[in-house]
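Observations on chain architecture
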Amino acid sequence: MVVTLAGAMSTAELGLSLAEMIRQGKVDAICCTGANLEEDIFNLVAHDYYVRLPHYRDLTPADEAGLLARHLNRVTDTCIPEAEAMRRVEAVVGGEWTAAANAGERYFPHEFLYRALKRPELRASFQVPVEQSWLHAAMERNLPMFVPGWEDSTLGNFYTAHCVTGRIAKVHTAKTGVETMMALAEWYTAESARRSLGFFQIGGGIAGDFAICVVPMLRQDLHRDVPHWGYFCQISDSTTSYGSYSGAVPNEKITWDKLDVDTPTFLIESDATIVAPLLFAHVLGW
């Protein structure tokens, strides 16, 4: 099964269930946004500094400005502290970026975080058990990861700033989105030749759209005889329209050669922060 993570599911602490899914071999690859990639590790090193705002809907613009002044970055009802989370991770992963650039080495964004998670100076900052971190579980398994649009994340912004200042001399030290798609194409070609791969999409946006379109690219542009996705399941609260956030119903994907006529499809129209943990708990037998 390939799992795609949109939105800010890491800050919603999906790692409490997803990590065990990874450890038990229920997940074979993840495609996620840069935000989900980094926000799991932010929570790992700064959980005790997070600020919860259960009445976030009542915040005024002035209240939001007050959070900014305190360097608290809000994600729905949770504020991520800049110094304790973002800058702490930057200090460690930034060293990995620089070292790789100086050595002429190149890695994908998630590979830099896999390396950072093994660094003792970062491990000393862990504030929740590693069993609650899906990224740590992925690192332990060296799970295949695909992170499209990484540049728009906080760490992607930090990386860009380091390139502008010259601290990172080679901008392509972090591998690109095109290389990410190429890696996904080769992974899918190899894996689908020996087993059927299901597609479990949490939310919409680039994480799901990027991963699912590898199949028509392989079939139509590279003329490879690869199968369609074995099944498709999506948790989404988006409605179908020209402007919706990946609210296309499964049948529409047949016209794009992503799914076949008889591909089993499931669409759960609900809040993914509620439904995904319930589904994972069912699979895990909790």
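1. A closer look at the side chain of Asp28
- When you line up the elements, Asp28 lands in the loop between α1 (15-23) and β2 (29-32).
- Owing to a relative accessible area of 15%, Asp28 belongs among the buried residues under this scheme.
- Here the side chain of Asp28 touches Met1 through a polar contact of 2.7 Å, landing on its backbone nitrogen.
- Within the local environment of Asp28, its side chain forms a polar contact with the side chain of Arg195, the two groups lying 3.0 Å apart.
- Non-local contacts of Asp28, meaning those with residues more than four positions away in its chain, are made with Met1, Leu143, Pro144, Trp187 and Arg195.

2. With respect to the sheet that holds strand β5 (residues 78-81)
- Strand order in the open sheet made by the three strands is β3-β5-β4, with antiparallel pairing throughout. With one partner strand each, in any of the chains shown, β3 (51-52) and β4 (72-75) form the two edges of the open sheet.
- Sheet topology places β3 next to β5; two bridges connect them, and they run antiparallel. The partner of Val51 across the bridge, within β5, is Cys79.

3. Focus: the sheet that holds β2
- The six strands are arranged β6-β2-β1-β7-β8-β9 in an open sheet whose pairing can be described as parallel. Bordering the open sheet on either side are β6 (145-146) and β9 (265-268), each of which pairs with just one other strand.
- Bridging between strand β7 (residues 198-202) and strand β8 (residues 231-235) involves five bridges; their strand directions are parallel. What sits directly across from Phe200, in β8, is Cys233.
- Packing against the sheet, helix α13 (residues 272-284) makes contact with β7, β8 and β9, and its axis sits at approximately 145° to β7.

4. Concerning the packing of helix α4 (residues 82-103) against helix α5 (residues 109-117)
- Packing of α4 against α5 leaves a shortest axis separation of 9 Å and a crossing angle of 115°. Here α4 runs over α5; the crossing is right-handed. Where α4 abuts α5, its residues Val89, Val92, Val93, Glu96, Trp97 and Ala100 lie against Phe112, Leu113, Arg115 and Ala116.
- A per-class count over the contact of α4 with α5 returns eight nonpolar, no polar and two charged.

5. Quick look at the nonpolar core
- Counting 62 residues, the largest nonpolar core has Leu18, Ile30, Trp134, Met145 and Ile202 as its most contacted members.
- Here this core gets eight residues from one element, more than from any other, and that element is α4.
- In this structure Ile30 touches Val3, Leu5, Leu18, Ile22, Trp134, Leu143, Pro144, Met145 and Phe146, once residues within four positions along its chain are discounted.
- Counting 21 residues, the second largest nonpolar core, distinct from the first, contains Cys31, Phe146, Phe210 and Val226.

6. Comments concerning the environment of Leu184
- Here Leu184 is to be found in helix α9 (residues 177-192).
- Looking at Leu184, the relative accessible area reads 2%, which means it is buried.
- Spatially, the C-alpha atoms of Leu184 and Phe210 are 9.6 Å apart, while their sequence positions differ by 26 residues.
- Beyond its immediate chain neighbours, meaning those up to four positions away, Leu184 contacts Phe146, Phe210, Ala211 and Val214.

7. Some remarks on the packing of aromatic side chains
- Inspection of the entire model under this criterion finds nine aromatic pairs.
- With a centroid separation of 6.3 Å and 75° between ring planes, the pair formed by Trp97 and Trp150 is classed as edge-to-face. Here Trp97 is found in helix α4, whereas its partner Trp150 is found in the loop between β6 and α8 (154-165), with 53 residues between them in sequence.
- A connected cluster of aromatic rings, assembled from ring pairs, spans Tyr188, Phe199, Trp229 and Phe232.
- Here Arg115 stacks its cationic end above the ring of Tyr107, 4.5 Å away from the centre of that ring.

8. Comments concerning the packing of helix α2 (residues 34-46) against helix α7 (residues 134-141)
- The contact between α2 and α7 brings their axes to 8 Å, and the two run at 105°. Between α2 and α7, the crossing angle belongs to the class labelled roughly perpendicular. Contact with α2, carried on its side by Asn36, Leu37, Asp40 and Ile41, involves Trp134, Leu135 and His136 of α7 and no other residues of that element.
- Residues belonging to the contact of α2 with α7 are distributed by class as follows: four nonpolar, two polar and one charged.

Scoring rules and cut-offs
Residues numbered from 1 in each chain as written. Predicted model: local features only at pLDDT ≥ 70, side-chain atom pairs only at ≥ 80, totals over all residues. Heavy atoms only, no water. Helix = DSSP H or I, 4+ residues; strand = E, 2+ residues; numbered from the N terminus. Buried < 20%, exposed > 50% of the residue type's maximum accessible area, 1.4 Å probe, protein only. Polar contact = N/O pair within 3.5 Å; in protein donor to acceptor, adjacent residues only side chain to side chain. Contact = heavy atoms within 4.5 Å. Pairing = 2+ DSSP bridges. Axes fitted to C-alpha atoms, helices over the stretch in contact; angles between N-to-C directions. Left-handed = near helix turned anticlockwise from the far one by under 90°. Nonpolar A, V, L, I, M, F, W, Y, C, P; charged D, E, K, R; others polar. Core = buried A, V, L, I, M, F, W, Y, C linked by side-chain atoms within 4.5 Å. Phe/Tyr/Trp six-rings, centres within 6.5 Å; stacked < 30°, edge-to-face > 60°. Lys NZ or Arg CZ within 6 Å of the ring centre and 35° of its normal. Parallel < 35°, antiparallel > 145°, perpendicular 65-115°, else oblique.

These figures come from the coordinates and say nothing about function on their own.
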